Amino acid sequence: MNFVDSTVQLDESVKLGHFSVIEKGAKIGKNVVIGNRVTIHEDTVIGDNSTISDGAVLGKPPKPAKTSTVKLSDNIPALTLGEEVTVGANAVLYRGAEIGSNTLIADLASVRENVQIADYVIVGRGVTVENHVSIGTRTKIQSNSYITAYTTLEDHVFIAPCVTTTNDNFMGRTEERFDKIKGAIVKKGARVGGASIILPGITVAEETFVAAGALVTKDTEEKTVIKGVPAKYSKQVDERELL
């Protein structure tokens, strides 16, 4: 048995599984497929031809801890999904996120509030995208990576599995950190190898190639390969590898 609020109009083309909940004011497009045990919170917008897999939670209202460094505004807009978005099983997308068309949010991924994700993006299995993050067109984030708050990933960025971005040099021990929290900026076409770590406020320049396992402690230069702990210049990126 499903619960669909009386304010919700479902087109006859929508396919709805079992034991799902669709709350007040949600807007569901045409040819949308909604799996079993899905929860769609108030005012969530889902574009045409989208697929929402089993157990997904869409439009979850954020409730940060009192000690959280990220504070909420009074008016958080509804979660919005463009056309042909795929949301994987047990993924959680919060109210206040905007997801572009033809984007995949894979199984067990989490996308927090105040996040903008452009078109044709892949957010892989188990990826966490925190608050105030911007992700550009055709960017790919592979499984189990962590994209911290206040990070910017521009267009055509590749983030390999298990990459960690950071934003706090003070590790929660001083009030000074509240004014200095800053995530990474990863510029167009940059690639970050598996299990790499990017320190707070670092800019990874266009077409940089960060080798697997690197610790990025300084801003990089365009079209260079960096590797090591800490990461250092290795060579120029092969021209055949450039966008």
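This text follows the structure it describes.
Throughout what follows, the structure given in this document is the object of discussion. (Residues numbered from 1 in each chain as written. Predicted model: local features only at pLDDT ≥ 70, side-chain atom pairs only at ≥ 80, totals over all residues. Heavy atoms only, no water.)

Reading across from one edge, 4-7-10-13-16-19-22-25-28 is the order of the nine strands in this open sheet, with parallel pairing throughout. Pairing within the sheet leaves two strands with one partner each, and these edge strands are strand 4 (27-28) and strand 28 (203-204). In terms of strand pairing, strand 25 (residues 185-186) meets strand 28 through two bridges, oriented parallel. Paired with Val 186 across the bridge in strand 28 is Val 204. (Pairing = 2+ DSSP bridges. Helix = DSSP H or I, 4+ residues; strand = E, 2+ residues; numbered from the N terminus.)

Looking at where Asp 5 falls in the secondary structure, it is placed in the loop between strand 1 (3-4) and strand 2 (15-16). For the buried Asp 5, which has no salt bridge, the nearest side chain bearing the opposite charge is Lys 24, at an N-O separation of 7.0 Å. Only 2.7 Å separates the side chain of Asp 5 from the side chain of Thr 7, close enough to count as a polar contact. Apart from the residues within four sequence positions on either side, Asp 5 is in contact with Ile 22, Glu 23 and Lys 24. (Buried < 20%, exposed > 50% of the residue type's maximum accessible area, 1.4 Å probe, protein only. Lys, Arg positive; Asp, Glu negative; His and termini not counted. Salt bridge = Lys/Arg side-chain N within 4 Å of Asp/Glu carboxyl O. Polar contact = N/O pair within 3.5 Å; in protein donor to acceptor, adjacent residues only side chain to side chain. Contact = heavy atoms within 4.5 Å.)

Turning next to the pattern of salt bridges. Under the counting rule described, the total for this entry stands at six salt bridges. With its nearest N and O atoms 3.0 Å apart, the salt bridge here joins Glu 113 to Arg 112. Comparing Glu 113 with Arg 112, the two get one shared label, buried. The partner of Arg 191 in a salt bridge is Glu 241, with the nearest N and O atoms 3.1 Å apart. Note that Arg 191 is positioned in strand 26 (residues 191-192) and Glu 241 in the segment after strand 32 (232-236), a separation of 50 residues in sequence. Classification of Arg 191 as buried rests on a relative accessible area of 17%. When salt bridges with common partners are traced through the structure, they connect Arg 112, Glu 113 and Glu 130 into a single cluster.

Our focus in this paragraph is the side chain of Glu 113. The topology assignment puts Glu 113 in the loop between strand 15 (110-111) and strand 16 (115-117). At 3.0 Å, the side chain of Glu 113 forms a polar contact with the side chain of Arg 112. Non-local contacts of Glu 113, meaning those with residues more than four positions away in its chain, are made with Pro 62, Leu 72, Tyr 94, Arg 95, Gly 96, Ala 97, Asn 131 and His 132.

Let's shift gears to the packing of aromatic side chains. Summed over the entire model, instances satisfying the criterion amount to zero aromatic pairs. When the ring centre of Phe 19 is taken as reference, the NZ or CZ atom of Arg 37 above it lies at 4.6 Å. (Phe/Tyr/Trp six-rings, centres within 6.5 Å; stacked < 30°, edge-to-face > 60°. Lys NZ or Arg CZ within 6 Å of the ring centre and 35° of its normal.)

Okay, the pairing of strand 31 (residues 224-227) next. Sheet faces and side chains relate simply in a regular strand, where the side chains alternate between the two faces. Taken together, the two bridges between strand 29 (residues 209-210) and strand 31 define a ladder with parallel strand orientation. Bridge pairing in strand 31 links Phe 209 to Val 225. Inspection of the sheet shows strand 31 paired to strand 32 by four bridges, in the antiparallel sense. Looking across to strand 32, one finds that Val 225 is bridged to Lys 235. Counted between consecutive antiparallel strands, the loop separating strand 31 from strand 32 contains four residues, among which Gly 228 sits at a positive phi close to 105 degrees.

Let's shift gears to the sheet that holds strand 11 (residues 86-87). Spatial strand order, 2-5-8-11-14-17-20-23-26-29-31-32: 12 strands in an open sheet with mixed pairing. If you trace the sheet from one side to the other, it starts and ends with strand 2 and strand 32, each paired once. One ladder, built from two bridges, connects strand 17 (residues 122-123) with strand 20 (residues 140-141); its direction is parallel. Of the residues in strand 20, the one forming a bridge with Val 123 is Ile 141.

Considering the arrangement of structural elements, one finds Gly 100 in the loop between strand 13 (97-99) and strand 14 (104-105). Exposure remark for Gly 100: the relative accessible area of 11% places this residue in the buried category. Sequence separation between Gly 100 and Ile 135 is 35 residues; the distance between their C-alpha atoms is 9.9 Å. In this view, Gly 100 contacts Gly 82, Val 85, Ile 117, Ala 118 and Asp 119; residues no more than four positions away in its chain are not counted.

The omega angle of the peptide bond from Val 229 to Pro 230 is -5 degrees, so this bond is cis rather than trans. Here Pro 230 shows up in the loop between strand 31 and strand 32. Positive phi, close to 60 degrees, is recorded for Phe 19, a residue that is not glycine. Counting through the fold element by element, Phe 19 comes out in the loop between strand 2 and strand 3 (21-22).

Geometric values such as these leave the question of function open.
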